[in-house]
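Read off the chains here:
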Amino acid sequence: MGQGRETRPQPRRIGVYARVTARFINKPARLWAVSRAVKRAFKYRFYPSPAQAAELARTFGCVRLVYNMALQARTEAWTLREERVGYNATSAMLTAWKQTDDLAFLNEVSSVPLQQALRHLQAAFTNFWAKSAKYPTFKSKKRSRRSAEYTTSAFRWRDGRLTLAKMAEPLDIVWSRPLPEGASPSTVTVSQDAAGRWFVSLLCDDVIDQTPATGAVGIDAGLDSLLTLSTGEKITNPRHERADRARLARAQRNLARKEQGSVNWAKARLQVARVHARITDRRRDHLNKLTTRLVRENQTIVIEDLTVRNMVTNHSLARAISDAAWRQLRTMLEYKAGWHGRNLVVVDRWFPSSRLCSVCGALAEPMPLHMRSWTCRCGQTHDRDVNAARNILAEGLSVIACGGGVRPQRESSRTGQSSVKQETQRATAGTPRL
Ligand SMILES: [Zn+2]
């Protein structure tokens with residue numbers, strides 16, 4: 001934030017994910033019909049042999065143990081002696097642990113995933129100090145993600161076959177989509193989900209076309225339709241979503257009836273995990289296609305920050321799933337906008353976007369939720385969600401055009417709140433979690 005530029009109170013959280021070059025978008029396209037090199041993760045299922053599965057399970061266990069021991073050492077050093085223990089110190093500890101009789105089994109797995117666990121812990125502390133995350137927590141055997149990360153020294157990539165350290169045979173990977181031509185992974189992450197499925201994620205260099213697009217779109221998140229676009233298009237949840245949700249509720253009820261720790265309980269738990277996995281897979285697929293299209297067609301995409309709206313929490317399963325979809329949509333838009341050089345504007349939704357006329361700017365009386373459309377004094381009839389999406393788009397465009405704090409007067413401005421703060425960041429080509 002530029003100091004002193006804003007005199008009015010700050011709104012909650014708004015990020016404008018704008019490329020610094022965005023102001024050049026009116027220049028001839030060929031000037032920057034460029035491509036950009038990015039790191040991109042490609043995730044596939046694989047089927048380990050029994051020996052590989054055992055090796056990986058051992059590795060996951062050692063990764064968790066090393067992470068937890070290092071976390072404990074760092075926490076104790078700080079709380080008891082006010083000492084900061086960094087990555088290098090924990091790395092030295094790991095070397096010492098491996099030399100003790102009790103922990104000699106750490107030598108049996110590849111040392112790279114253990115080092116990477118210490119790096120992940122370091123990153124967790126960095127986020128904590130930057131106040132962008134809570135204090136790191138211990139990894140739990142049951143609940144934490146089972147994963148291990150290998151860097152180039154710990155795997156062999158040859159003729160499209162991937163062999164991990166301490167393994168004789170390459171992994172049996174299902175190549176559901178091709179890697180970029182000539183790509184060679186720099187990092188490999190192996191994981192197993194709660195439903196017992198194995199995945200490998202390959203981080204590769206990729207080249208992405210950054211030819212600018214012409215469109216601009218505002219997106220309203222809803223419950224009836226997943227999303228409504230300012231163009232009037234309504235995007236529904238994936239087909240089968242409702243049936244899957246009913247199945248999930250049934251599986252969860254079934255699990256609740258079982259005695260915890262029993263064989264039937266374990267079976268029921270796996271069943272819940274399977275339904276969950278299917279819902280998240282379908283959702284990811286759906287959102288991937290959708291965000292790719294939105295980013296391809298539009299130079300500017302405006303979404304609302306839903307954290308405000310979530311203060312009015314509805315604890316239904318539908319709500320939880322739609323919120324999860326929204327968070328995922330936002331994450332995907334963030335990294336894809338970064339890849340393709342698009343502007344992603346996140347606006348705070350304190351203004352009553354669904355009852356503010358997007359044509360004349362008049363504010364209608366509050367209306368009950370079941371009223372899906374309304375007619376303004378100016379004679380315009382609005383679909384509630386489309387109108388909201390149009391207002392969100394207008395808000396986002398004013399952020400880009402005017403910068404922080406300055407924007408066209410609206411009735412809602414009388415509240416004296418500043419609706420926008422500009423936090424121009426370069427949307428980095430981050431590493432997506434696919
Ligand atoms: Zn009107």
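Residues numbered from 1 in each chain as written. Predicted model: local features only at pLDDT ≥ 70, side-chain atom pairs only at ≥ 80, totals over all residues. Heavy atoms only, no water.

## Some points on unusual backbone geometry
With a phi angle near 55°, glutamate 82 is a residue other than glycine that sits in the positive phi range. Residue position: glutamate 82 is located in the loop between helix 1 (50–81) and helix 2 (87–98). In this structure glutamate 82 comes out as exposed when scored by relative accessible area, which is 63%. The backbone of lysine 166 shows a phi angle near 70°, a positive value even though the residue is not glycine. (Helix = DSSP H or I, 4+ residues; strand = E, 2+ residues; numbered from the N terminus. Buried < 20%, exposed > 50% of the residue type's maximum accessible area, 1.4 Å probe, protein only.)

## Structural notes on the sheet that holds strand 2 (residues 35–46)
What the 5 strands build is an open sheet, ordered 3-7-8-2-6; its pairing is antiparallel. Both edges of this open sheet fall to strand 3 (146–151) and strand 6 (173–174), since each of them pairs with a single strand only. The pairing of strand 7 (residues 187–192) with strand 8 (residues 198–209) spans 6 bridges and is classified as antiparallel. Bridge pairing in strand 8 places serine 191 opposite phenylalanine 199. Against the sheet, helix 1 contacts strand 2, strand 3, strand 7 and strand 8, and its axis sits at roughly 95° relative to strand 3. (Pairing = 2+ DSSP bridges. Contact = heavy atoms within 4.5 Å. Axes fitted to C-alpha atoms, helices over the stretch in contact; angles between N-to-C directions.)

## Things to note about the side chain of threonine 90
Mapped onto the secondary structure, threonine 90 falls in helix 2. Overall, the relative accessible area of 0% leaves threonine 90 in the buried class. Polar contacts involving the side chain of threonine 90 include one to the main-chain carbonyl oxygen of tyrosine 87, which spans 2.6 Å. Discounting chain neighbours no more than four positions away, the residues touching threonine 90 are Ala70, Arg74, Val85 and Leu118. (Polar contact = N/O pair within 3.5 Å; in protein donor to acceptor, adjacent residues only side chain to side chain.)

## Here we look at the confidence of the model for the protein chain
Overall, the predicted model of the protein chain reaches an average pLDDT of 81, with 81% of residues at or above 70. Of all helices and strands in the protein chain, the one with the weakest mean pLDDT is strand 16 (residues 424–425) (32), whereas strand 7 scores best (97). When the criterion is pLDDT under 50, residues 1–31 qualifies, and its contacts beyond four places in sequence or with other chains add up to 75 contacts. For residues 404–434, every residue scores under 50 in pLDDT, and the model assigns this stretch 99 contacts once sequence neighbours within four places are set aside. (pLDDT = per-residue confidence, 0-100.)

## A short note on the coordination of the zinc ion
Here the zinc ion is held by Cys357 (SG), Cys360 (SG), Cys376 (SG) and Cys378 (SG), and the distances to it run 2.3 Å. Coordination at the zinc ion comes from 4 donor atoms whose angles at the metal span 104 to 116°, giving a geometry best classed as tetrahedral. Cysteine 357 gets classed as buried once you look at its relative accessible area, which sits at 2%. (Donors = N, O, S within 2.8 Å, 3.2 Å for Na, K, Ca; no water. Tetrahedral: all angles 85-135°; square planar, octahedral: opposite > 155°, others 65-115°.)

## Some remarks on the packing of aromatic side chains
Enumeration according to the criterion identifies 8 aromatic pairs in this entry. Geometrically, the ring pair formed by phenylalanine 125 and tryptophan 129 is tilted, given 5.5 Å between the ring centres and 40° between the ring planes. In this pair, phenylalanine 125 and tryptophan 129 are both assigned in helix 3 (residues 111–129), 4 residues apart and thus about one turn of the helix distant. Judged by its relative accessible area of 36%, tryptophan 129 is partly exposed. An aromatic cluster of at least three residues, connected via ring pairs, comprises Phe125, Phe128, Trp129 and Tyr135. Here lysine 43 stacks its cationic end above the ring of phenylalanine 199, 4.8 Å away from the centre of that ring. One residue, arginine 84, lies across the ring of tryptophan 129, its end atom 4.3 Å from the ring centre. (Phe/Tyr/Trp six-rings, centres within 6.5 Å; stacked < 30°, edge-to-face > 60°. Lys NZ or Arg CZ within 6 Å of the ring centre and 35° of its normal.)

## So, a positive patch on the surface
Positive charge collects at one region of the surface, where Lys141, Lys142, Arg143 and Arg269 lie side by side. Of note, lysine 141 is situated in the loop between helix 3 and strand 3. (Patch = residues over 30% accessible without salt bridge, like charges linked within 9 Å, V, L, I, M, F, W, Y side chains within 5 Å. Areas by Shrake-Rupley, 256 points an atom, 1.4 Å probe, with all protein chains shown as cover. Salt bridge = Lys/Arg side-chain N within 4 Å of Asp/Glu carboxyl O. Lys, Arg positive; Asp, Glu negative; His and termini not counted. Charge placed at Lys NZ, Arg CZ, Asp CG, Glu CD.)

## Side note on helix 3
Between the first and last C-alpha of helix 3 there are 28 Å, a value that for 19 residues agrees with the 27 Å anticipated at 1.5 Å per step. All buried positions along helix 3 are accounted for by Val112, Pro113, Leu114, Gln116, Ala117, Leu118, Leu121, Ala124 and Phe125. (Expected span 1.5 Å × (residues − 1).)

## Remarks on the pattern of salt bridges
This model, assessed by the stated rule, comprises 18 salt bridges. Notably, a salt bridge pairs lysine 39 with aspartate 205, separated by 3.2 Å at the nearest N-O pair. Highlighted residues: lysine 39 in strand 2 and aspartate 205 in strand 8, separated in sequence by 166 residues. In this structure lysine 39 comes out as partly exposed when scored by relative accessible area, which is 33%. Taking the relative accessible area as the measure of exposure, aspartate 205 reaches 48% and is therefore partly exposed. Residues arginine 247 and aspartate 244 are paired through a salt bridge, measuring 3.0 Å at the closest nitrogen-oxygen approach. Separated by 3 residues within a single helix, arginine 247 and aspartate 244 lie in helix 4 (residues 241–257), roughly one turn from each other. You can call aspartate 244 buried: its relative accessible area is 2%. Among the ionic contacts, a cluster of salt bridges with common partners joins Asp193, Arg197, Asp281 and Arg284.

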